[in-house]
Amino acid sequence: MAGRRAARRTALVLLYQWDVTGQELASLFEGEIVVAQHEELDRRITAAADEWTADRLGALERNILRMAILELDRADIPVEVALDEAVTLAKRYSSADAGRLVNGILGRIVKEAV
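### Digging into the overall build of the protein
Right, so step 1: Regarding its fold elements, the protein presents five helices and zero strands.
Right, so step 2: Starting at the N terminus and ending at the C terminus, the protein contains elements arranged as α-α-α-α-α.
Right, so step 3: Taken over the C-alpha trace, the protein has a radius of gyration of 13 Å; the compact-globule value for 114 residues is 13 Å, and the two agree within 12%.
Right, so step 4: Along the first, second and third principal axes, the C-alpha set of the protein runs to 35 × 30 × 25 Å.
Right, so step 5: Residue pairs at least 24 apart in sequence account for 62% of intrachain contacts in the protein once pairs closer than 6 positions are excluded.
Right, so step 6: Per element, the accessible surface of the protein, about 6,500 Å² overall, is 52% carbon and sulfur.
Right, so step 7: When the 15 basic and 19 acidic side-chain charges of the protein are each reduced to a single mean position, those positions are 5 Å apart.

What follows is the structure in structure tokens.
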């Protein structure tokens, strides 16, 4: 579990850097997947966010959501674990409010998938 947690944290830092600076990522295993699919992921975030668009979210929250959606889609990680890890990242690197925001958006995405 600690290995995945560290990988999520690393991916978040690199995705945040990409999102804020617009610079290309050199070679990032998970990050490349997120970057390649970011438009589709942002569309899903916008659809699940109440009166918000993905581009109005903070870069940290947006990238936490992108990573979590990909984890949910892969289905090799339990839904509860993916949600908990995303909320934990949001609380740790942003705020408690960000944790609630991430939880709410991901909760809607999970309900729509059922």
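What follows picks up the thread again.
### Quick notes on helix 4 (residues 79-93)
Right, so step 1: The terminal C-alpha atoms of helix 4, which comprises 15 residues, lie 21 Å apart, in line with the 21 Å expected from a rise of 1.5 Å per residue.
Right, so step 2: Among all positions in helix 4, only Ala82, Leu83, Glu85, Ala86, Val87, Leu89 and Ala90 are buried.
Right, so step 3: In this fold, the buried residues of helix 4 make contact with helix 1 (2-21), helix 3 (59-74) and helix 5 (96-113).

### Notes on the packing of helix 4 against helix 5
Right, so step 1: In contact at an axis separation of 7 Å, helix 4 and helix 5 are set at 155° when each is read in the N-to-C sense. One element, helix 4, and the other, helix 5, form an angle in the roughly antiparallel class. Note that helix 4 runs across helix 5; the crossing there is right-handed. The residues of helix 5 that touch helix 4, namely those facing Val79, Leu83, Ala86, Val87, Ala90 and Lys91, are Ala96, Ala98, Gly99, Val102, Asn103, Leu106 and Val110.
Right, so step 2: Classifying every residue of the contact of helix 4 with helix 5 by side-chain character gives ten nonpolar, two polar and one charged.

Conventions used here
Residues numbered from 1 in each chain as written. Predicted model: local features only at pLDDT ≥ 70, side-chain atom pairs only at ≥ 80, totals over all residues. Heavy atoms only, no water. Helix = DSSP H or I, 4+ residues; strand = E, 2+ residues; numbered from the N terminus. Rg over C-alpha atoms; globule rule 2.2 N^0.38 Å. Contact = heavy atoms within 4.5 Å. Areas by Shrake-Rupley, 256 points an atom, 1.4 Å probe, with all protein chains shown as cover. Lys, Arg positive; Asp, Glu negative; His and termini not counted. Charge placed at Lys NZ, Arg CZ, Asp CG, Glu CD. Expected span 1.5 Å × (residues − 1). Buried < 20%, exposed > 50% of the residue type's maximum accessible area, 1.4 Å probe, protein only. Axes fitted to C-alpha atoms, helices over the stretch in contact; angles between N-to-C directions. Parallel < 35°, antiparallel > 145°, perpendicular 65-115°, else oblique. Left-handed = near helix turned anticlockwise from the far one by under 90°. Nonpolar A, V, L, I, M, F, W, Y, C, P; charged D, E, K, R; others polar.

Shape descriptors only; they carry no functional weight alone.
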